[in-house]
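# A look at the structure
Single-letter residue listing:
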Amino acid sequence: MAGFAVISGNRRSAGRCYIYLYLPTLPIRRMGRQLGWDSTRPAGIYQTENNIEKVTFLCDLARAQGLCPGMSVADARARQPDIQLALSDRNADRAVLSALARWAWRYSPRTGTDNSGPGLWIDMTGASHLYGGTDKVIDDIKKRCHLAELPVWIAAAPYYAAARALACHDRAAAQGLVALSGRRALLSRLCELPVTALTTDNDTLQALSQAGLRRIVHFLPLSQAELAVRYGPDFVRGWAVLRGDHDESPAPVTALQPVRATRSWPEPVAGYETLAAMIAEMTDELAATLTRRELAARSFELGWQRTDSTTGRLYFHLSRPGADKKILHRLFCEAAGQIDAEFGIDYSWIQAYRLSVDRPVTALLGTESEALSSSQTDHMLDILAIKLGPEKVRRVYPRAFWHIADSTVSQPLGSADASCHNWLDDGGAAFSAPRPIRLLAPPEAVHVVALMPDHPPAMLVWRRRSLKIVRATGPERVGPRWWDPAHAHMKTRDYYRIETESGQRLWIYRSGLAEREERCEWFVEGYFA
Amino acid sequence: MALTHGRGNEFFCQKNHKAAAFADLKARIHAQEHTDTARLSLGLGLFDRALSGGFACQHVHLVTGPCDQGSASGFVLALLRRQMAVCTDQPVIWCAPDYGGRSGQLCAEGIRALGLDPGRFIFVHENHPVRLMGAFEEALQTTGIAGIVAEYAMLASKADQWSRWAQRLRRAARAGSAVGFLLGPPAPSASFESSWSVTPGTDYQDKYDWRPCWSVSLEASRTGRPHAANVIYDPLSGRLSAAVSDSAPTAASDAVYMQRHAQHRFHFQPAARQGWDDAGMMLA
């Protein structure tokens with residue numbers, strides 16, 4: 001470990017976190033899907049280098065039968081005559097990787113692909129805490145890839161080069177490796193990697209092999225000048241990048257542009273049937289475009305330009321990204337009736353935006369075709385949102401306030417992510433204070449008879465009925481938020497749970513405290529179950 | 001004569017055709033009614049036997065209760081909790097008017113206090129009763145939902161409208177897979193699968209025991225028989241048990257409940273002794 005002395009301390013990567021996903025079987029899976037390969041037979045992909053066809057990727061079955069990457073195609077065929085081989089298609093592989101990188105936007109807005117191999121990276125700097133830490137993110141990725149039966153080697157490191165090297169060459173990456181604890185520990189792990197983590201140049205690899213330098217730790221005693229003389233400046237630069245002295249951040253994938261389907265009419269069109277046919281035609285085209293580009297959209301704009309050059313627009317939203325033709329037809333089925341064409345429409349368009357590749361990995365690889373289609377529940381909620389209005393279909397989210405009216409917030413379905421909130425994290429029913437099942441808004445004033453001013457009532461008059469109270473529990477005192485101007489005129493409340501003779505359970509409160517000589521008023525705020 | 005004979009044949013053929021159509025319709029209804037559907041068990045032997053195994057899914061059940069109490073809502077939530085435990089990743093749709101009125105609105109904190117996850121509830125708010133029932137009908141036709149509840153409010157006051165909706169909802173529920181509950185004030189049972197009346201029960205032994213206690217009455221059931229009993233719901237375990245008068249609840253469950261809810265036993269204590277400050281934080 002004497003080599004650590006020459007490593008300059010680089011603090012540029014402090015606090016950063018890169019996750020690298022190495023997908024060794026992705027090219028074979030893609031090619032197998034494209035060519036309809038038999039999964040029970042060995043398969044591989046080759047490429048031509050200097051007029052020699054060399055195998056670059058092999059499936060697990062082929063590896064188990066003794067084949068290894070780097071051997072010639074003739075050798076591979078000689079050993080396994082039934083092997084399925086195909087020429088590598090890097091553009092197609094890169095397209096799938098780009099799609100996967102956009103799928104990874106669910107974790108971080110900065111993701112990208114590795115131009116030199118089947119891998120992608122995620123810059124989780126400042127984002128991992130949203131998912132409970134880097135470990136949780138890695139677990140989630142592994143779970144999703146496992147569902148797709150896609151082996152993935154994952155490593156997290158403070159900079160890209162280290163994450164890539166660990167993911168591709170460290171065996172621990174098969175289980176998910178996090179090397180964020182410290183620079184010394186990271187370097188000691190990097191030193192154990194083979195020299196192929198530094199360079200892929202065959203001449204350099206051969207020279208290193210002849211010198212007996214198979215692992216990075218073997219050449220640490222050598223100075224940089226010696227390394228540069230023996231193996232060239234690129235090798236030295238690669239080592240500097242790997243240990244983090246030179247920053248080498250790849251470019252991230254770019255955001256998706258909206259997809260449009262347009263129609264220009266030589267004569268103005270009008271009438272319900274014509275407009276419905278026009279919308280159906282554009283919907284078909286849009287769905288075909290989205291499916292071809294393997295995209296899904298959450299929001300759609302239907303626009304039209306009338307003969308007098310005025311324009312109109314309608315907006316539609318889905319509860320989750322969709323591209324299916326049936327979904328889009330149901331989404332736009334009532335749109336024709338809402339278009340005011342006046343003297344006719346010259347030009348119309350449908351634009352899909354808020355695009356994402358928010359589909360399971362399985363769908364991207366085509367192993368689970370039904371994953372492409374949304375579930376029936378989402379369709380139904382979309383239909384309800386269209387019929388009743390998006391603000392009528394809602395979820396509730398908790399807020400950290402004691403006042404019952406402020407303790408929850410109701411939001412339209414598409415506006416927030418439900419998975420971020422778990423109501424039962426803090427024990428659910430076991431540790432929650434008594435809360436009514438139904439709330440009256442606003443609370444109803446009641447007249448009460450109590451033994452003492454700070455006692456629960458013994459009788460109350462509510463909705464013209466006198467109710468005798470047989471038992472009560474409380475109080476739970478909730479004060480106004482002194483820092484909130486909206487609560488400036490609110491008094492402290494004492495909440496009681498009471499039960500009447502008939503078994504009716506009410507949540508009542510006294511507004512104002514007798515010991516502060518405030519005027520006390522009683523209200524019923526809810527019913528218990 | 002030939003003409004008369006011809007007319008007779010025509011009449012005979014029409015009669016045969018009608019008979020065949022009726023026979024076909026009867027066979028389809030019989031097949032629909034006798035298809036094995038999943039059932040939601042209450043965990044109460046007598047009620048399960050009265051319902052021939054439990055609440056039938058793909059059907060709508062009417063649960064009524066006084067509008068100024070939360071007993072009927074609580075009973076439906078207790079049933080939904082059992083269903084949500086089976087359908088672990090499916091949501092519950094709750095259709096209700098936007099305004100609470102005299103019966104109030106469902107409270108998420110109260111749902112949590114009964115041991116359910118409000119995050120799995122999707123609320124559909126619509127003030128127009130017909131549109132609200134339309135949303136309920138749409139949800140009933142959908143698969144992948146744990147349960148669907150609709151609050152019908154005053155819709156049942158018009159008998160013809162009520163029976164028409166009962167038939168529509170029955171057909172819609174057969175197309176879906178979820179169990180549906182109609183919740184509201186007392187109403188005719190119409191053609192719903194079962195009709196329930198839930199009122200507060202007072203059959204508790206301990207004055208500190210605040211577990212929900214209901215007097216539950218199965219008033220009508222298409223495949224069962226009426227039954228009534230007092231039922232106690234345990235929010236900790238999610239179990240329904242017969243009240244003391246019917247059969248003693250599990251002693252262990254009672255002990256756990258009393259122990260965990262000891263913090264809320266401020267029985268008739270003066271407010272000044274509780275140690276809650278004005279910001280709602282517990283000091284001691």
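Quick note: structure is the one above.
Before going into details, it helps to say that this report is about the structure given with it. It should be emphasised that the depicted structure is a prediction, and the values quoted were computed from it without experimental measurement.

### Some details on the overall build of chain B
- A tally of helices and strands in chain B yields 7 helices and 12 strands.
- Expressed as a percentage of its 284 residues, the buried residues of chain B come to 44%.
- Taking the intrachain contacts of chain B between residues at least 6 apart in sequence as the baseline, contacts between residues at least 24 apart amount to 67%.

### Things to note about the pairing of strand β3 (residues 60-64) of chain B
Residues and elements named next belong to chain B.
- Burial of β3 is extensive: 5 of the 5 residues sit out of reach of the surface.
- Judged by which residues are buried, β3 turns out to be covered on both faces: Val60, Leu62 and Thr64 on one side and His61 and Val63 on the other are all buried.
- With 5 bridges connecting them, β3 and strand β8 (residues 179-184) associate as parallel partners. Bridge assignment links His61 to a residue of β8, and that residue is Phe181.
- Of the strand pairs in this sheet, β3 and strand β9 (residues 194-200) are connected by 4 bridges, and their pairing is parallel. If you follow Leu62 over to β9, its bridge partner there is Ser195.

### Thoughts on helix α3 (residues 71-86) of chain B
- Here α3(B) contains 16 residues, and its C-alpha end-to-end distance of 23 Å stays within 8% of the 22 Å for a straight helix at 1.5 Å per residue.
- Judged by how many residues are buried, α3(B) sits mostly within the fold: 13 of 16 residues are covered.

### Re the interface of chain B and chain A
- Taken together, the contact between chain B and chain A spans 59 residues of the former and 62 residues of the latter.
- Elements represented by at least two residues in the side of chain B that touches chain A include exactly α3, β5 (105-106), α4 (108-113), β6 (121-125) and α5 (129-140) of chain B.
- In the side of chain B that touches chain A, the residues fall into 26 nonpolar, 22 polar and 11 charged.

### Comments concerning the sheet that holds strand β1 (residues 18-22) of chain A
All names here are of chain A.
- Strand order in the open sheet formed by 5 strands is β5-β6-β1-β7-β8, and the pairing between neighbours is mixed. On the outer flanks of this sheet lie β5 (111-113) and β8 (177-178), each paired with one strand and no other.
- When β5 meets strand β6 (residues 119-123), the two strands line up antiparallel, connected through 3 bridges. When the bridges of β6 are listed, Thr111 appears paired with Ile122.
- In this fold helix α5 (residues 134-147) packs onto β1, β7 (153-157) and β8, with an angle of close to 165 degrees to the strand it touches most, β7.

### Overview of the pairing of strand β13 (residues 393-398) of chain A
- Pairing of β13(A) with β6(B) involves 2 bridges; the strand directions are antiparallel. Across the sheet, the residue bridging to Arg394(A) is Phe123(B), located in β6(B).
- Sheet topology places β13(A) next to strand β14 (residues 408-412) of chain A; 5 bridges connect them, and they run antiparallel. By the bridge assignment for β14(A), Tyr397(A) is matched with Val409(A).

### Brief notes about the environment of Ala270(A)
Residues and elements named next belong to chain A.
- Within the fold, Ala270 resides in the loop between β9 (259-269) and α11 (272-292).
- Sequence separation between Ala270 and Ile339 is 69 residues; the distance between their C-alpha atoms is 9.4 Å.
- In this structure Ala270 touches Ala341, Gly344 and Ile345, once residues within four positions along its chain are discounted.

Reading guide: rules and limits
- Residues numbered from 1 in each chain as written.
- Chains lettered and ligands numbered in written order.
- Predicted model: local features only at pLDDT ≥ 70, side-chain atom pairs only at ≥ 80, totals over all residues.
- Helix = DSSP H or I, 4+ residues; strand = E, 2+ residues; numbered from the N terminus.
- Buried ≥ 20, exposed ≤ 12 C-beta atoms within 10 Å, placed from the backbone.
- Contact = placed C-beta atoms within 7 Å.
- Pairing = 2+ DSSP bridges.
- Expected span 1.5 Å × (residues − 1).
- Nonpolar A, V, L, I, M, F, W, Y, C, P; charged D, E, K, R; others polar.
- Axes fitted to C-alpha atoms, helices over the stretch in contact; angles between N-to-C directions.

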